[in-house]
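Chain and residue survey
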Amino acid sequence: MKNILLTGATGFIGSHLVEQLAKEDMRILALVRKKSDTRVLKKLNIELFEAALDDENQLIQVFDSLSSQNIQLDFVVHCAAITKGRNLEEFMHINREGTERLVSLIKKHQHPLQKFIFLSSLAASGPTLLNESISIKDKSPITDYGRSKLAAELSLEQSGLPYLIFRPTAVYGPGEKDIFSVFKIISQGLNPLIGKHEQQLTFIYVKDLVSLIIQGLHSQVIDKTFFASDGKVYSKQALGNFIRQSLRKKTLTIKIPLWLVRIIAYGSQTVYSFRNRLSPLNLEKFKELKAQSWVCEVEPTFRAFDFQPEYDLQKGVKETSEWYVEEGWI
Ligand SMILES: NC(=O)c1ccc[n+]([C@@H]2O[C@H](COP(=O)([O-])OP(=O)(O)OC[C@H]3O[C@@H](n4cnc5c(N)ncnc54)[C@H](OP(=O)(O)O)[C@@H]3O)[C@@H](O)[C@H]2O)c1
């Protein structure tokens, strides 16, 4: 039986991934933090190892413990990261250096790794202009988060380990907490429309992303980077329209000019920081909202993994809305 180490298994994408991985013939080891909510993982009989990516000593102890139990890793899927942070230094500390710590311990303990799958982000490429597509060679992140994911990619590429990098676009689905705010606002009868500018957006449903990662594990493809999206291009109104349809909700559209969104983002970021918390709407998020096109070249992904997404945005939003309603989130 192959051994797979999964980081970020308690997060949104990781929790969907671990559920599917549990159906594979693999021994799953999850790297979790002391404070992580591990109830689901315990139910799935996943073996837990406690370490934060930013705590070198804890990571050293985990790898010593793997060695003392003669556990050799065949696969790593690295999902853990921060997506909100105070500054570039904090993003780099966890997203880049955390990845480097992991890589260095895998090499030090000579794990016979077949593949290190890294969940990067479309943010590592940065957006493009209307009617253009982001190429996998594009490396112009516009946020500190994107810079840290790109830096982590570069470290992994130079590590000598066999790697596979996925750069997903916006991921949505049951349990997601950021895009959820749009579902919430619409369920309350409001439909905010940000700016007058045209935007071309892309999405991937979490179940499709998980299928792609698992295809990636089984494939022979290594040392390559791929985008992950459902392959369609959506206007900035599409998400709201599909949510409204699926919730059967009449809404009042509120047009918010970009300059006002910028002020709100700045205000929200400042107020949250006084409480030592991170605002979901901040100046970094504003840059992403302002960008023209997040369309990426995804055909190479479909070809390399013989992958066809099962969900477009309409189908995925319907299933997600039903989940939010059933679980009492809205
Ligand atoms: N969601 C998206 O739209 C999207 C799009 C593109 C790429 N991605 C990438 O996909 C991955 C997963 O994203 P997600 O949406 O599932 O994020 P998430 O829900 O915020 O989950 C993040 C996971 O990382 C763990 N983590 C955070 N800081 C850590 C640290 N210092 N040490 C160890 N573990 C740590 C969290 O553990 P706790 O449970 O202890 O907090 C959690 O399990 C990330 O790498 C993200 O960059 C996400």
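What comes next is a walk through the structure. (Residues numbered from 1 in each chain as written. Predicted model: local features only at pLDDT ≥ 70, side-chain atom pairs only at ≥ 80, totals over all residues. Heavy atoms only, no water.)

1. Brief notes about the pattern of salt bridges
Per the counting criterion, the structure on display carries 14 salt bridges. Between Glu90 and Arg86 there is a salt bridge, and its shortest N-O distance comes to 3.3 Å. Classification of Glu90 as partly exposed rests on a relative accessible area of 22%. What makes Arg86 partly exposed here is its relative accessible area of 46%. (Salt bridge = Lys/Arg side-chain N within 4 Å of Asp/Glu carboxyl O. Buried < 20%, exposed > 50% of the residue type's maximum accessible area, 1.4 Å probe, protein only.)

2. Let's talk about unusual backbone geometry
Residues other than glycine seldom take positive phi values, yet Asp223 does so here, at roughly 60 degrees. Summarising the element assignment, Asp223 is placed in the loop between helix H7 (206–218) and strand E10 (224–228). A positive phi angle is found at Asp306, which is not glycine, with a value near 45 degrees. For Asp306, the location among the structural elements is in the loop between helix H11 (299–304) and helix H12 (313–326). (Helix = DSSP H or I, 4+ residues; strand = E, 2+ residues; numbered from the N terminus.)

3. So, the site of the ligand
Thr10, Ser36, Leu53, Tyr145 and Lys149 are the nearest of the 25 residues found near the ligand. A distance of 2.6 Å is found between an oxygen atom of the ligand and a side-chain nitrogen or oxygen belonging to Thr10. Between the ligand and Cys79, the relevant distance is 2.9 Å, taken from an oxygen atom to a main-chain nitrogen or oxygen of the residue. If the ligand stood free it would expose 890 Å²; the protein chains cover 84% of that surface. Secondary-structure elements contributing two or more residues to the shell around the ligand are helix H1 (12–21), helix H5 (144–157) and strand E7 (170–172). (Near = heavy atom within 4 Å. Polar contact = N/O pair within 3.5 Å; in protein donor to acceptor, adjacent residues only side chain to side chain. Areas by Shrake-Rupley, 256 points an atom, 1.4 Å probe, with all protein chains shown as cover.)

4. Here's the deal with the nonpolar core
By size, the foremost hydrophobic cluster in this structure holds 61 residues, and its most contacted members are Leu17, Val77, Phe166 and Leu313. Among the elements that take part in this core, H7 stands out by supplying seven residues, more than any other. For Leu17, the residues in contact, after removing those within four places along its chain, are Leu6, Val77, Cys79, Val210, Ile213 and Ile214. (Core = buried A, V, L, I, M, F, W, Y, C linked by side-chain atoms within 4.5 Å. Contact = heavy atoms within 4.5 Å.)

5. Description of the pairing of strand E8 (residues 190–194)
By the alternation rule, side chains of E8 split into Asn191 and Leu193, which are all buried, and Leu190, Pro192 and Ile194, of which none is buried. Relative to strand E11 (residues 252–256), E8 runs parallel, the two being bridged by five bridges. Bridge assignment links Leu190 to a residue of E11, and that residue is Leu252. (Pairing = 2+ DSSP bridges.)

6. With respect to the packing of helix H4 (residues 88–108) against H5
Running from N to C, H4 and H5 point in directions that differ by 20 degrees, and their axes come no closer than 8 Å. As judged from the angle between their axes, H4 and H5 are roughly parallel. Seen from above, H4 lies across H5 with right-handed handedness. Two secondary-structure elements touch here, H4 through Leu88, Phe91, Met92, Asn95, Arg96, Thr99, Glu100 and Val103 and H5 through Asp144, Tyr145, Arg147, Ser148, Lys149, Ala151, Ala152, Ser155 and Leu156. Here the contact of H4 with H5 is built from residues that sort into eight nonpolar, four polar and five charged. (Axes fitted to C-alpha atoms, helices over the stretch in contact; angles between N-to-C directions. Parallel < 35°, antiparallel > 145°, perpendicular 65-115°, else oblique. Left-handed = near helix turned anticlockwise from the far one by under 90°. Nonpolar A, V, L, I, M, F, W, Y, C, P; charged D, E, K, R; others polar.)

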